[in-house]
Amino acid sequence: MDRQAVMQEQDLAPPVALPMLSPAARRRQLKEKVIAGVITAVAFTGIAALVLILVFVAKEALSLITDAAAREEASFSKMFLPQLVRKGKPLAYVWQPVSGVPKVSMIPLFIGTLKTTAVSMLVAVPLGIFGALFAAEFAPRRLREVLKPTIELLAGIPSVVLGFFALMVMATFLQDTFGFTSRLNAVVAGLGLALAIVPVIFTVTEDALTAVPRSYREASLALGATPWETAWKVVLPAAAPGILAACVLGFGRAIGETMIVLMASGNAAITSANLGDSVRSLSATIAAEMGEVVVGSPHYALLFFIGVELFIFTFVLNMLASVWTKKVIQRLKGGAG
């Protein structure tokens, strides 16, 4: 039989009937579709909520641009350039929005935020990373089972409790030890913040270190490296993207934390590089002044503008961290950095 006859015979053959789904199978298929739809709706609801929050905050801050009275009181030049505070005195950066002549410089708030965040990161990053390295690589199993939950318990302590501890205990101890002029200052607030972000950095870093394949360690030890050299030169670089994510999460928590800074920083908007001076952060400013501000006033819009600044700052940081992480992963895979 030639090829053409075979093809004609196949064309004339009756179509094969697909098996009919049983009622139970159809119900199961429908149930799976409903579950998938609910999960999708929940995911998009979270995204929509985030977008709506951003739109609301930006809308409330928009009057600084659209309202002439708000521009007169809180223009960008007054927020970011030095202003004349008193006649005969040099130009200065002052945050004093409630006064006869409002002074709305953001520079003292930026400096206060960066000082407290820098102190907290200088303390929390080494503690979190080296603590996670010890727990993942060197600690006996029984010690690890106790150490990790104990450190993670710190994450469950309310920030107001940590702020109260920093206010009542740490502030007095640090002033007596280092002789700070101001009892509440950037060091006290930064150490209080460190207590809050160490569990975040420790947990994410420990998970990243544990996820490194065991073959990396075995290969390093087989080549004659010591366990410490393996941990420092093999495991840590391999877990670098996860460690960076831990540091970014810790930084985001520190820069957005309110209660600890509000209670332990002194809340004085001082433009100074001295860590022993009282400071005032962006987030603490919103918390301290939002309850008494007149709705719709330039001061009200200014507080929402601070919220926009915090979002932009955190977003840019996350983007830079994401780009750096991709380059690290490429380099680890042997690609072009």
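Above: the structure in question.
Description of the structure in this document. Please read all numbers here as calculations on a predicted model, not as lab measurements. (Residues numbered from 1 in each chain as written. Predicted model: local features only at pLDDT ≥ 70, side-chain atom pairs only at ≥ 80, totals over all residues. Heavy atoms only, no water.)

**What to know about the pattern of salt bridges**
For the coordinates displayed, the defined rule picks out eight salt bridges. Note that Arg217 and Glu137 form a salt bridge whose closest N and O atoms lie 2.7 Å from each other. Pair noted here: Arg217 is in helix H10 (residues 214–222) and Glu137 is in helix H6 (residues 107–138), with a separation of 80 residues, a long-range link. Look at Glu137 and you get partly exposed, because its relative accessible area is 21%. With a closest N to O distance of 3.0 Å, Glu289 and Arg280 form a salt bridge. (Salt bridge = Lys/Arg side-chain N within 4 Å of Asp/Glu carboxyl O. Helix = DSSP H or I, 4+ residues; strand = E, 2+ residues; numbered from the N terminus. Buried < 20%, exposed > 50% of the residue type's maximum accessible area, 1.4 Å probe, protein only.)

**Thoughts on the packing of H10 against helix H11 (residues 227–238)**
Running from amino to carboxyl end, H10 crosses H11 at an angle of 140 degrees, the nearest separation of the two axes being 10 Å. Comparing their axes, H11 and H10 come out oblique. Seen along the crossing, H10 lies across H11 with a hand that is right-handed. Between H10 and H11, the contacting residues are Tyr216, Arg217, Ser220 and Leu221 on the first element and Pro227, Thr230, Val234, Val235 and Ala238 on the second. Here the residues of the contact of H10 with H11 are counted per class, giving six nonpolar, two polar and one charged. (Axes fitted to C-alpha atoms, helices over the stretch in contact; angles between N-to-C directions. Parallel < 35°, antiparallel > 145°, perpendicular 65-115°, else oblique. Left-handed = near helix turned anticlockwise from the far one by under 90°. Contact = heavy atoms within 4.5 Å. Nonpolar A, V, L, I, M, F, W, Y, C, P; charged D, E, K, R; others polar.)

**Thoughts on the nonpolar core**
Judged by nonpolar contacts, the single largest core of 33 residues is most densely connected at Ile129, Leu209 and Ile243. At the level of secondary structure, the elements contributing two or more residues to this core comprise H6, helix H9 (186–210), H11, helix H12 (240–256) and helix H13 (259–264). With nine residues, H9 is the single largest residue contributor to this core. Not counting chain neighbours up to four residues away, the residues in contact with Ile129 comprise Ile201, Thr205, Leu236, Ile243 and Cys247. Val57, Trp95, Leu282 and Phe304 belong to the second largest nonpolar core, which has 21 residues in total. (Core = buried A, V, L, I, M, F, W, Y, C linked by side-chain atoms within 4.5 Å.)

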